[in-house]
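Okay, here's what each chain looks like letter by letter:
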Amino acid sequence: MTTDHQDTDTATLDTDVLVVGAGPAGLMLATELRLGGAEVVVVDQRPGPTTESRASTLHARTMEILDARGLLDELGTPPCEPRGHFGGVPLDLTLPGPYPGQWKVAQTRTEELLQRRAVDLGADLWRRHQLLSLTVEDGAAGAAEGVEAETIGPYGPVRIRARYLVGCDGEDSTVRRLVRAPFPGQDAGRELLRADVSGISVADRRFQRLRHGLAIAATRDGVTRVMVHEFGRPVAERGGGEPDFTEVTDVWKRVTGEDISHGTPLWVNAFGDANRQLARYRHGRVLFAGDAAHRQMPSGGQALNLGVQDAFNLGWKLAAVVRGRAPEELLDTYDTERHSVGRQVLANIRAQVELLLGGPEVEPARALLTELLAVDGVRRHLAGMISGLGIRYDVGGVADHAGYGDDAGVEGAAGAGGAAGGHGPGADTGPGVGAASGIDAWGDTAAGHPLLGRRLPDAWLEPAGGGTRRRTTELLRTGRGLLLSLNGDGDGDGDGNGAGAGALCATVEPWSDRVVFVAGPPEAGGPLPAGQALLVRPDGYVAWAGPRPDGLPEALIRWFGFPADAG
């Protein structure tokens, strides 16, 4: 990053990427950009991480992402609840993987964690800075391509010039407004009122449907979070502001018959059932991630997790482009992959809203869903959707669409079965999970490897020729891609046989600045297929699989650009 002053009033910065918004998505993105070697400036209006008790759930895939970057130790062991819900109907979220269930971490803690990592890696964070305008330069008349943004901060105006800008500035995104990006969907017609209150004593309620509405209550450390919806009550007009505590207590009393007006409100807000998604996540040199790209009711704790996973998909790709290691077209795969996942998440949230906030007319549907969830294939499918473990991207060769597969766990199809679930490395094994249902809702399992397009299972690799065992998730912590040769013929000295370790090592050598070659047999009975090789993207998704290098050069070029010696 460079700084200059073109006049006495305005400072000017130059950087690779400007990220607007320092919430979980923006900070995750900054971390990934720095890990990939890109310069990044993050601007945010707030003075620091949120102090509001908003999102408090990290799902299994987000926990895996944090583990893949070595961030979980700082969280300690947060409370874990294996049971979630779908539209208020109890749903067992347990699936094969190291972090089954949902983990309770306050959003402020998540933001603090990601902010420390981003800053430690060299991200330049500018708090109390508001975006005023932006101009996209298309290279006409000899001007450099990029984005120029005008901001105002505590010490006056700042002009920031960047090659790319990413809007991570929430559901009321200023970037989205300035770009005039189409944001189709529906506005809120119903809402939940929410308050954190001290000094009250009410029974815990888990999605209790009463005659006049829905009531939820949970007490932790002397503070009770209440949420309430009155059937048939539309969204209140508040001029863009939040409800006052009196509104919450009045609705709570009408629904439950209880008086909580004597309590002390610590935080009050409302969230509606608006459901919108950008038509495109990429607008040339301006991209979007998190709630700036999609607006939804945070049912099942999916909103924060969806945004973090957006950023994790985009960060390595954008860093590769600005460093000149990959063509700009790689950014189009971000839009393709994450828009499809976002569309499906918004669809499941719409369904949940009907089940959750609908009146007596939805009771037959709720009863039917309860019966269906006793079918384990149905349960796994919905759990994979909520947790993020069911995602399968179209990486070429098998799946026709990015999105959610028919089953979240393919570990049993790839390797031998074991005990499903469990915390810790190697806990990805499952007893044939996925094999019976065809692995993926969109593709034919006969057309390619069952791990293709899916996340790399957390598993152990045995030492090849001595040394210590290695864990696949820990191998991802460099932020580079991986080529795993699972045949045990050594760490790429060119002498391997079996699944062609020597040939694989020679093939990937020109990409050694961005892909790490690792060889070693997988632990017996684990989720990885012995005798195979896997090319894994920096975000942990398998981009190529096979026993020999056939098709590997093409996959390397597609995901990692041309090799360093190609010109």
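Residues numbered from 1 in each chain as written. Predicted model: local features only at pLDDT ≥ 70, side-chain atom pairs only at ≥ 80, totals over all residues. Heavy atoms only, no water.

Points about the sheet that holds strand E13 (residues 185-186)
One open sheet accounts for 3 strands, arranged E13-E19-E22; its pairing is antiparallel. Looking at which strands have only one partner, the edges of the open sheet turn out to be E13 and strand E22 (294-295). Where strand E19 (residues 275-277) lies against E22, 2 bridges are found, and the strand directions are antiparallel. Each bridged residue has a counterpart across the sheet, and for Gln277 the counterpart in E22 is His294. Each of E19 and E22 is contacted by helix H7 (residues 330-357), which is oriented at about 175 degrees to E19, the strand it contacts most. (Pairing = 2+ DSSP bridges. Helix = DSSP H or I, 4+ residues; strand = E, 2+ residues; numbered from the N terminus. Contact = heavy atoms within 4.5 Å. Axes fitted to C-alpha atoms, helices over the stretch in contact; angles between N-to-C directions.)

A look at the packing of aromatic side chains
Taken as a whole and assessed by the stated rule, the structure comprises 4 aromatic pairs. Taking the centre distance of 6.0 Å and the plane angle of 75 degrees together, the rings of Tyr99 and Trp103 count as edge-to-face. For the residue pair Tyr99 and Trp103, the accessibility class agrees, reading buried in each case. Plain terms: the ring middles of Tyr281 and Tyr334 are 5.9 Å apart, the flat faces sit at 45 degrees to each other, and that makes the pair tilted. Of this pair, Tyr281 sits in the loop between E19 and strand E20 (282-283) while Tyr334 sits in helix H7, placing them 53 residues apart in sequence. Accessibility classification places Tyr281 together with Tyr334 in one group, the buried group. Its end group placed over the ring of Trp460, Arg469 keeps NZ or CZ at 4.4 Å from the ring centre. Positioned above the aromatic ring of Trp559 is the side chain of Arg537, whose terminal nitrogen or guanidinium carbon lies 4.6 Å from the ring centre. (Phe/Tyr/Trp six-rings, centres within 6.5 Å; stacked < 30°, edge-to-face > 60°. Buried < 20%, exposed > 50% of the residue type's maximum accessible area, 1.4 Å probe, protein only. Lys NZ or Arg CZ within 6 Å of the ring centre and 35° of its normal.)

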